[in-house]
Amino acid sequence: MATVVPPASKRQKTAASARAREQILPEQVPQGIQRIQFTDADTGEAQGPVTAIPLSDLSPKNLSLLLNTLLGREDPGERLPYRFYNPLGDGDFDQQAIISAFLSGDSTTEVQLNIPCRAEAVFRVKAVTRCSASISGHGESILATQFSPSTSSRLATGSGDKTARIWDCDTGTPLHTLGGHTGWVLAVSFSPNGQILATGSMDNTVRLWDPATGKQLGGPLKGHTKWVTSLSWEPYHMQQSGRPRLASASKDGTVRIWDCTNKRADGALTGHKGCVSCVKWGGTGHIYTASHDKTIKVWDADTQRLIHTLSAHAHWVNHLALSTDFALRTAYHDHTGKKGVPETEDEKRAKAKERFETAAGVNTHNNEGKLVERLVSASDDCTIYLWNPAQSTKPITRLLGHQKQVNHVTFSPDGLLLASAGFDNLIKLWNAADGTFISTLKGHVGPVYQVAFSADSRLLVSGSKDTTLKVWDVKTGKLKEDLPGHKDQVFAVDWSPDGDRVGSGGQDKQVRIWCH
């Protein structure tokens, strides 16, 4: 009896129809030749001469190779990766739409097609592969860690032993012990110029330190009645000269603004009905706060007036991230080695503003002069929401997929990706423009507490309860390096802005510095 081929399954039928939709008419496409002009997505300036290319070669990979060639970058080591946008509408480059327009005789494609483009990261960060230093000093768990925005040589940590410490990463030795707090140090944050370190503690106070000397700058900043949970500096380009300000969030339900020059309160944001878990000071003059009362609030930083309340989450909001976080954190610092640090304050402020505006212009090449600072929130309700608070109190989209609480979320430095870390042992990658799911990074066998992108947005490092750090290749979604070494769960991890080092700390009380 002959074997009867079973009928196609529903999945096979769906795949076949998808392949059919993707097919391009073989007789027509190779015959089409399109004249194109590359233009800068931010300025509109022409990039290279007008050239002609077959429609069949209009793929982002081919366009990137062509543009590098037109700009004289023949050596593979000199080529820059480019992102291309749809010349016929919004969004990313769409080869199928251009082919359809050409075949239908659309006049916009007959003479010349202007293709907006933007160079992506111009330097490559190597994956960290080994532990260069394991430094003892803290007497309890390390709860927070952050590199200086200006150099990977300085790392600050906060601990349950009631101290913060600054470490010399070049020599792998302790540099300063910052004593004074009478409770756990839950948050550490360098100012954008790297000249002040702020620490927040369970003793309800904020303290300011000189990272170079380890000396405290004035007395403790008092005002909160419960733990200080999060810190965020005023963006450098918005600061009054010589008068940096700091926002601190607290379990008492308030956020306080501090004048760090006069060491006094500059106001308080009251309105939340629960612990404020995270505060972010945005580059457009807004302060964003997340709370255990399930809401996110948007405030005017100057008038301290409540602008919006964003209500969508069904449980505690654990963390916030801004699409401009990396540019705001590093201000005028340039880590590619091609540009030096500006000399005057005005030049520094102008450079910081330029870098912020570039970051806020990603995904908005068709909105002339319009800056968009996107916000993402992570919650105990297992969901993530993507927001554009300047335009609407409704979320852009809801990101579903985590099966347990989402503890941490962050934008890539180029503003194109989102990474989320959950208690379901998973890390997920999403498109930052529309929240589209990209991939799940599987490898940890315990809850993932924090993730951090490399400065070129190509790599991601994660710290977990399973005692390991892992480095992931963002493009492929594959594990690149497994970094064991910690003897207990890893609470805090940070990748230096220049890409050279990763710093981590956790319950084993040891700071570990990782390099390539």
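Scoring rules and cut-offs
Residues numbered from 1 in each chain as written. Predicted model: local features only at pLDDT ≥ 70, side-chain atom pairs only at ≥ 80, totals over all residues. Heavy atoms only, no water. UniProt positions renumbered as here; feature names shortened; annotations may be inferred. Helix = DSSP H or I, 4+ residues; strand = E, 2+ residues; numbered from the N terminus. Rg over C-alpha atoms; globule rule 2.2 N^0.38 Å. Buried < 20%, exposed > 50% of the residue type's maximum accessible area, 1.4 Å probe, protein only. Contact = heavy atoms within 4.5 Å. Areas by Shrake-Rupley, 256 points an atom, 1.4 Å probe, with all protein chains shown as cover. Lys, Arg positive; Asp, Glu negative; His and termini not counted. Charge placed at Lys NZ, Arg CZ, Asp CG, Glu CD. Salt bridge = Lys/Arg side-chain N within 4 Å of Asp/Glu carboxyl O. Pairing = 2+ DSSP bridges. Disulfide = S-S within 2.5 Å. Arc of directions from axis to C-beta.

On record in UniProt, under Subcellular location (unreviewed entry), the comment for the chain is "Nucleus, Nucleolus".

A short note on the overall build of the chain
Each helix and strand in the chain was counted, giving six helices and 35 strands. In summary, the chain has a C-alpha radius of gyration of 25 Å against a globular reference of 24 Å for 516 residues, a match within 12%. When the backbone C-alpha atoms are referred to their principal axes, the chain occupies close to 75 × 70 × 45 Å. Burial analysis of the chain (516 residues in total) assigns 53% to the buried set. Taking the intrachain contacts of the chain between residues at least 6 apart in sequence as the baseline, contacts between residues at least 24 apart amount to 51%. Only carbon and sulfur atoms are counted for the fraction: they give 49% of the accessible area of the chain, which is about 22,300 Å². For the chain, the separation between the mean place of its 57 positive charges and that of its 53 negative charges on side chains is 7 Å.

A few points about the environment of Ile99
Take Ile99: it is sitting in helix H3 (residues 95-103). Overall, the relative accessible area of 1% leaves Ile99 in the buried class. Distance from Ile99 to Ala249, taken between C-alpha atoms, is 52 Å for residues 150 residues apart in sequence.

Quick look at the pattern of salt bridges
Here the structure, examined in full by the defined rule, presents 12 salt bridges. The salt bridge partner of Arg329 is Asp494, with a shortest N-O separation of 2.8 Å. A residue pair is termed long-range when its members are at least 10 positions apart, and Arg329 in helix H5 (residues 325-330) and Asp494 in strand S33 (residues 490-495) qualify at 165 residues. Look at Asp494 and you get buried, because its relative accessible area is 8%. We note a salt bridge from Lys470 to Asp482, for which the minimum N-O separation is 2.8 Å. Highlighted residues: Lys470 in strand S31 (residues 469-473) and Asp482 in strand S32 (residues 478-483), separated in sequence by 12 residues. Classification of Lys470 by relative accessible area gives buried; the value is 6%. For Asp482, a relative accessible area of 41% corresponds to the partly exposed category. Here the salt bridges do not stand alone but share partners, grouping Glu234, Arg243, Arg245, Asp259, Asp266 and Asp302 into one network.

Focus: the pairing of strand S9 (residues 173-178)
Summarising the sheet, strand S8 (residues 164-168) and S9 pair through five bridges and their orientation is antiparallel. When the bridges of S9 are listed, Ile166 appears paired with His176.

Quick word on the UniProt feature "repeat: WD" (unreviewed entry) in the chain
In the numbering used here, UniProt assigns the feature "repeat: WD" (unreviewed entry) to residues 135-177, 178-219, 221-259, 269-309, 399-440, 441-482 and 483-516. Along residues 441-482 one finds 0% helix and 55% strand; the C-alpha atoms at either end are 13 Å apart. With 0% helix and 50% strand, residues 483-516 has its two end C-alpha atoms placed 12 Å apart.

Regarding the state of the cysteines
Chemically, a disulfide is nothing more than a covalent bond linking the sulfur atoms of two cysteines. Tallied over the full model, the rule gives zero disulfides. In this structure Cys131 is a free cysteine whose sulfur lies 8.3 Å from that of Cys515, the closest cysteine sulfur available. Take Cys515: its relative accessible area is 12%, and that puts it in the buried class.

Brief notes about H3
Buried within H3 are the following residues: Ile98, Ile99 and Ala101. Buried residues in H3, looked at end-on, bunch into an arc of 160°, giving them a common side.

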